[in-house]
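Given next are the chains, with one letter for each unit.
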Amino acid sequence: MSESFAELRAVVLDATDARELAEFYRRLLGYTYRPGDEPPAGGAPDAEGEEWLVLLDRGGEARLAVQQVDELSPPTWPDPAVPQQLHLDLTVPTLAELDVQHERALGLGASLLQDRVDDPVETLRVYADPAGHPFCIIVEPPRS
């Protein structure tokens, strides 16, 4: 008898400004909104952005969602006072691409928390997104 397993649909992040955080990740990762979750035109009220937004990868699969909350204590990593609870690991194939994505992340509002570009074992940078959630961008060459 074979086992069956649930499949991970998406990671959900809390934010006090769901639209802002969804826009950050949409632009950082090149994702698109699930139909109906796009920002409203012309300054119209953003009912979806006040609740729940889903981002789709380039293949159309839900990968990341953002949920509106009234309050959020941003993680203080590496200080353990408020644990990170969850973080995202993103990869790029080269150090040159890490530098490109570093500039993109900072330009979109991320904050650099740790720079390990000189680490010969695991080259990476750690950031906080605009809501304070940590995420890493790691150099991981393509697998053969």
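Keep in mind that this is a model prediction, so the values were computed, not measured.

(A) Focus on the packing of aromatic side chains. Under the counting rule described, the total for this entry stands at 4 aromatic pairs. Between Phe24 and Tyr25, the aromatic rings sit 4.9 Å apart at their centres with planes inclined by 85 degrees, giving edge-to-face as the arrangement. Residue Tyr25 is classed as buried on the basis of its relative accessible area of 0%. Considering the side-chain rings of Tyr25 and Phe135, the 5.9 Å spacing of their centres and the 70 degrees angle between planes classify their relative orientation as edge-to-face. Remark: Phe135 occurs in strand E8 (residues 134-139) and Tyr25 occurs in helix H1 (residues 18-29); sequence separation between them is 110 residues. Of the two residues examined, Tyr25 and Phe135, each falls in the buried class. These aromatic residues form a ring-pair network of at least three members: Phe24, Tyr25, Tyr127 and Phe135.

(B) A look at the sheet that holds strand E7 (residues 124-128). Read from one edge to the other, the open sheet built from 4 strands follows the order E5-E8-E7-E6, with strand pairing classed as mixed. With one partner strand each, in any of the chains shown, strand E5 (88-92) and strand E6 (111-116) form the two edges of the open sheet. If you compare each strand with its neighbour and ignore which way they point, the axes differ by 20 degrees on average. As paired strands, E6 and E7 are joined by 5 bridges and run antiparallel to one another. Looking across to E7, one finds that Asp115 is bridged to Arg125. Here helix H2 (residues 95-107) sits on the sheet in contact with E5, E6, E7 and E8, set at roughly 10 degrees to E7.

(C) Summary view of the sheet that holds strand E4 (residues 62-68). What the 4 strands build is an open sheet, ordered E1-E4-E3-E2; its pairing is mixed. Unpaired on one side and paired on the other, strand E1 (11-15) and strand E2 (32-33) mark the two borders of the sheet. Pairing analysis gives 2 bridges linking E2 to strand E3 (residues 52-56), with the strands arranged antiparallel. Counted as the bridge partner of Tyr33 is Leu55 from E3.

(D) Structural view of the side chain of His133. Inspection of the secondary structure puts His133 in the loop between E7 and E8. Ignoring anything within four residues of it in the chain, the contact list for His133 reads Leu13, Asp14, Leu21, Tyr25, Leu72, Pro75, Tyr127 and Ala128.

Criteria and cut-off values
Residues numbered from 1 in each chain as written. Predicted model: local features only at pLDDT ≥ 70, side-chain atom pairs only at ≥ 80, totals over all residues. Heavy atoms only, no water. Phe/Tyr/Trp six-rings, centres within 6.5 Å; stacked < 30°, edge-to-face > 60°. Buried < 20%, exposed > 50% of the residue type's maximum accessible area, 1.4 Å probe, protein only. Helix = DSSP H or I, 4+ residues; strand = E, 2+ residues; numbered from the N terminus. Pairing = 2+ DSSP bridges. Axes fitted to C-alpha atoms, helices over the stretch in contact; angles between N-to-C directions. Contact = heavy atoms within 4.5 Å.

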